[in-house]
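# Structural overview
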Amino acid sequence: MSIDLLLFLFLALAAIGTAAGMLLSRSAIYAALFLVLNFATVAVFYLLLNAPFIALTQITVYAGAIMVLFLFVIMLLGAEKLPKSKVLPWQRPLAVILAAGLIVETVYLLLFKNTITSTVGKLVETFGDPRSIGGFLFNDYLLPFEITSVLLLVAMIGAIVLTKKEKGEKE
Amino acid sequence: MVPVLYYLVLSAILFTMGAMGVLIRRNALIIFMSIELMLNAANLAFVAFTRTFEKLDGQIFVFFVMAVAAAEVAVGLALMVAIFRTKHSIDVDQMNSLKG
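Let me sum up the structure you'll find in this document. Small disclaimer: the values here were computed from a predicted structure and weren't measured.

Conventions and cut-offs
- Residues numbered from 1 in each chain as written.
- Chains lettered and ligands numbered in written order.
- Predicted model: local features only at pLDDT ≥ 70, side-chain atom pairs only at ≥ 80, totals over all residues.
- Heavy atoms only, no water.
- Helix = DSSP H or I, 4+ residues; strand = E, 2+ residues; numbered from the N terminus.
- Rg over C-alpha atoms; globule rule 2.2 N^0.38 Å.
- Contact = heavy atoms within 4.5 Å.
- Areas by Shrake-Rupley, 256 points an atom, 1.4 Å probe, with all protein chains shown as cover.
- Lys, Arg positive; Asp, Glu negative; His and termini not counted.
- Charge placed at Lys NZ, Arg CZ, Asp CG, Glu CD.
- Expected span 1.5 Å × (residues − 1).
- Buried < 20%, exposed > 50% of the residue type's maximum accessible area, 1.4 Å probe, protein only.
- Arc of directions from axis to C-beta.
- Phe/Tyr/Trp six-rings, centres within 6.5 Å; stacked < 30°, edge-to-face > 60°.

### Let's talk about the overall build of chain B
Along its length, chain B carries 3 helices and 0 strands. Secondary structure elements of chain B, listed N to C terminal, follow the sequence α-α-α. Its C-alpha atoms give chain B a radius of gyration of 17 Å, more than 25% over the compact-globule value 13 Å for 100 residues. Once local pairs closer than 6 in sequence are excluded, the contacts in chain B between residues at least 24 apart make up 55%. A total accessible area of about 3,700 Å² is found for chain B, and carbon and sulfur atoms account for 71% of it. Of the side chains in chain B, 7 bear a positive and 6 a negative charge, and the two mean positions are spaced by 7 Å.

### Quick word on helix 6 (residues 142-163) of chain A
Structurally, the α-helix is built with 3.6 residues per turn, so residues lying three or four positions apart point the same way. An ideal rise of 1.5 Å per residue puts 32 Å on 22 residues; helix 6 of chain A measures up with 32 Å between its terminal C-alpha atoms. When we look at burial in helix 6 of chain A, the residues that qualify are Thr-148, Ala-155 and Ala-159 of chain A. Viewed end-on, helix 6 of chain A has its buried residues packed into an arc of 30 degrees, placing them on one side of the element. Residues Leu-143, Ile-147, Val-154, Ile-160 and Val-161 of chain A are exposed on helix 6 of chain A and point more than 90 degrees away from its buried face. Contacts from the buried residues of helix 6 of chain A go to helix 3 (57-87) of chain B.

### Digging into the environment of Leu-44 of chain B
Relative to the helices and strands, Leu-44 of chain B resides in helix 2 (residues 28-53). Taking the C-alpha atoms as reference points, Leu-44 of chain B and Met-80 of chain B, 36 residues apart in sequence, are found 28 Å from one another. In this view, Leu-44 of chain B contacts Val-42, Phe-45, Tyr-46 and Leu-49 of chain A together with Tyr-7, Leu-10 and Ser-11 of chain B; residues no more than four positions away in its chain are not counted.

### A short note on the packing of aromatic side chains
Residues and elements named next belong to chain A. For the coordinates displayed, the defined rule picks out 14 aromatic pairs over all chains. Between the aromatic rings of Phe-39 and Tyr-62, the centroid separation amounts to 4.6 Å while the plane-to-plane angle is 40 degrees, which identifies the pairing as tilted. Separated by 23 residues along the polypeptide, Phe-39 in helix 2 (residues 28-48) and Tyr-62 in helix 3 (residues 52-77) bring together distant segments of the chain. Relative accessible area serves as the criterion here: at 0%, Phe-39 is assigned to the buried category. Relative accessible area serves as the criterion here: at 0%, Tyr-62 is assigned to the buried category.

Set out below in C-alpha cells:
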C-alpha cells in the first residue's frame with residue numbers, strides 16, 4: 001500500500017467521521033465545530049489534488065468566514081438545544097432508506113457505468129497555482145466573476161433588510 | 001496518486017450524509033450545515049475531475065460555488081434570525097404558517 005493511499009484512507013475516515021459527528025450531535029455548537037474539521041480535511045484533499053489556491057480559499061472562506069457566521073448566529077439565538085418536539089414515526093426510517101438508495105445508485109454508477117479514463121500523468125509545475133487561476137479567472141471567466149460581485153452585493157443588502165426591524169415594531 | 005474514482009466515491013458518501021442530515025434533523029441551523037456539506041462534496045468532485053482532465057475550469061467553478069455558498073449563508077442566517085424573532089424557535093416543524 002502506498003503512502004498516498006494510506007493518507008487518503010486516513011483523511012477519508014476523518015472526513016466521514018466528522019460528517020457523522022455533525023449529523024448526530026445534539027448541540028448545534030458541536031455540529032458546527034465538527035463541520036469545521038470536515039472542511040479542513042477536505043482542504044487537505046484539495047492540496048493532494050494539486051489545488052493549493054482552492055485549498056486555502058476553502059480554509060479562509062468556509063472554515064473561517066462561513067463557520068464563524070454560523071457560530072455567531074447559534075450563540076445569538078441561544079437555542080443550541082431544541083426541546084424534543086414530536087416527530088413523525090416513519091420519518092427517520094424513510095430518510096435512511098432514501099439515503100441508502102441514493103448512495104447505492106451513485107456508487108453503482110461510479111463503479112460499473114464509469115467511462116472516465118483516469119490519466120495520472122505528470123502535471124505541469126504551475127497547475128493550480130494562484131497565477132494560473134488568476135489568469136483563467138480574469139480572461140476566460142471575467143463576466144461570471146463580475147456577476148459574482150453583484151450576487152454578493154444582493155446578498156448583503158438582503159441580509160440587512162431581512163434583519164432590520166419593521167417600522168412600528170416594538171421590541 | 002490515488003485513483004480519481006476513490007475521490008468520487010468519497011464525494012458521493014459525503015453528499016449522501018448531507019442529504020440525510022437535511023431529512024432527519026429538525027434544527028434549521030443543522031439543516032443549513034448539511035447543505036454546506038453537500039456543496040462541499042460537489043466541490044470535491046469538481047477538483048478531482050480537474051486533476052483528472054488537467055483542465056483548470058473545474059477549480060474556477062469551485063471558486064464560484066464558494067461565492068454562492070457565502071451569499072446563501074448570509075441570506076439564510078438572516079432569515080433564521082428573522083424567523084426566530086417572531087416564532088422564538090428555529091425548529092422547522094414550527095414553521096408551518098406563512099405569516100406570523
